[in-house]
Amino acid sequence: MTDPIPVLRETAFGTAKLMPDIDDPGSWLLTVDGTPQSYVDLADPTRLEFEYTRRLGHLADALAPEGAPLDTLHLGGGALTLPRYLAATRPGSRQLAVEADGPLVELVAEALPWDRDALTVRVGDAREQLAAAAPAAWDLVVVDVFQGSRTPAHLTSVEFVRLAARVLRADGCYAANLADGAPLDFTAAQAATVAAVFPHTCLIAEPPVLRGRRYGNLLLLGSARPLPAAALTRRLAADPFPARLMDGADLAALAGRSAPVPDTEARMSPAPPAGAFSIG
C-alpha cells in the first residue's frame, strides 16, 4: 500500500491543501491559502485536534444527555470535523452543513467522504441559507465561517444573529467561532451584538487571548435559556490547553460601551498578525 500524498486544489476562495498526518495514518489537515481549517481523523471522528473544535465538542456534550440526538446547523463546513464528531457521539442527530466553497466540498467528498445518512452538506451562502431555514428547527447553530482567516462582515451583525435565533428551538444554543487579538475590539462588539439578541451569553478562550496577549480563537455563545456554564468550565479546565469561560459582569465589562453591530456598520474580523495561523 502506498503512502497517502498531499492533495492540492484551487477552490472558490483560495488554494486548498489536504495533507496526511505522517505520524497518524488516516488523519488529515486541511488548509486554505496556508491557514489551517480542519483536522480530521477518519479512524476516530471523536478526536478533536484543534482547541477551538474541542471546545465546540465540549459544548455539544454539555447541551444534552449523553448520546441524545442534537439537531445542528453548521454554517461553515471545511472538512466537517464537528459534524463527524456529532454523528459518532450522538447518532440520530439531524445535521446540515452549509459551505460556500463548492470546489472545496467536492474535494472533501472525494478525499474524506462522510456518511450521507448522518449529514447533509449544502453549497451556499451561510446567511442566505439561514434566512431560508424553517423557524425553531435546530438545537444548535454553529457559525464557523472564514474566508482565509477572517469572518465575512455579513455574518457579524445583529440582524444575522436574529436570523440564527429565529431558527433555534426554545432551549437552543448559538455558537460563533471568532478570531481576534488585542485590544479585542471586534470581540467586544460581537459580545454586545449577541447579548442584544440572547439574554444568556458567555465567551470561551485561553487566558492569554482574553488578556490580549496573543491573537487566537474565541467561542461566543448565546441562548434564550441559561447556558451549562458549570459543566463547560469543568470540561475546559481538563483540556491540554485550558480555557476560561467568561460570563455575567466580566463579559459585560469586556463588551464595555460597545454597541450591537448593525448591517450598515458590519466589518470583517481583523486580519491576524503574520504567521499567527499560517503553516507551510
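Below is a short write-up of the structure. Quick caveat, the model's predicted, so the values are computed rather than measured. (Residues numbered from 1 in each chain as written. Predicted model: local features only at pLDDT ≥ 70, side-chain atom pairs only at ≥ 80, totals over all residues. Heavy atoms only, no water.)

## Some words on the pairing of strand 2 (residues 14–20)
For strand 2, the buried fraction is high: five of the seven residues fall into the buried class. Where strand 1 (residues 7–11) lies against strand 2, five bridges are found, and the strand directions are antiparallel. Across the sheet, Glu 10 pairs through a bridge with Thr 15, a residue of strand 2. With antiparallel pairing between neighbouring strands as the criterion, strand 1 and strand 2 make up a hairpin whose turn holds two residues. Relative to strand 3 (residues 27–32), strand 2 runs antiparallel, the two sharing five bridges. Across the sheet, the residue bridging to Leu 18 is Leu 30, located in strand 3. (Buried < 20%, exposed > 50% of the residue type's maximum accessible area, 1.4 Å probe, protein only. Helix = DSSP H or I, 4+ residues; strand = E, 2+ residues; numbered from the N terminus. Pairing = 2+ DSSP bridges.)

## Let's talk about the sheet that holds strand 11 (residues 216–223)
Sheet strands pair via backbone hydrogen bonds, and the direction of the pair is either parallel or antiparallel. The eight strands lie next to each other as 7-6-5-8-9-11-10-12, forming an open sheet whose pairing is mixed. Both edges of this open sheet fall to strand 7 (120–123) and strand 12 (244–247), since each of them pairs with a single strand only. Neighbour-to-neighbour, the strand axes of the sheet open up by a mean angle of 20°, direction not taken into account. When strand 5 (residues 72–75) meets strand 8 (residues 138–143), the two strands line up parallel, connected through four bridges. Bridge pairing in strand 8 places His 74 opposite Val 142. Here helix 2 (residues 81–89) sits on the sheet in contact with strand 5, strand 6 (95–99) and strand 8, set at roughly 165° to strand 5. Relative to the sheet, helix 6 (residues 185–195) contacts strand 9 (168–180), strand 10 (200–205) and strand 11, its axis offset from that of strand 9 by approximately 170°. (Axes fitted to C-alpha atoms, helices over the stretch in contact; angles between N-to-C directions. Contact = heavy atoms within 4.5 Å.)

These values are about where atoms sit, not about what they do.
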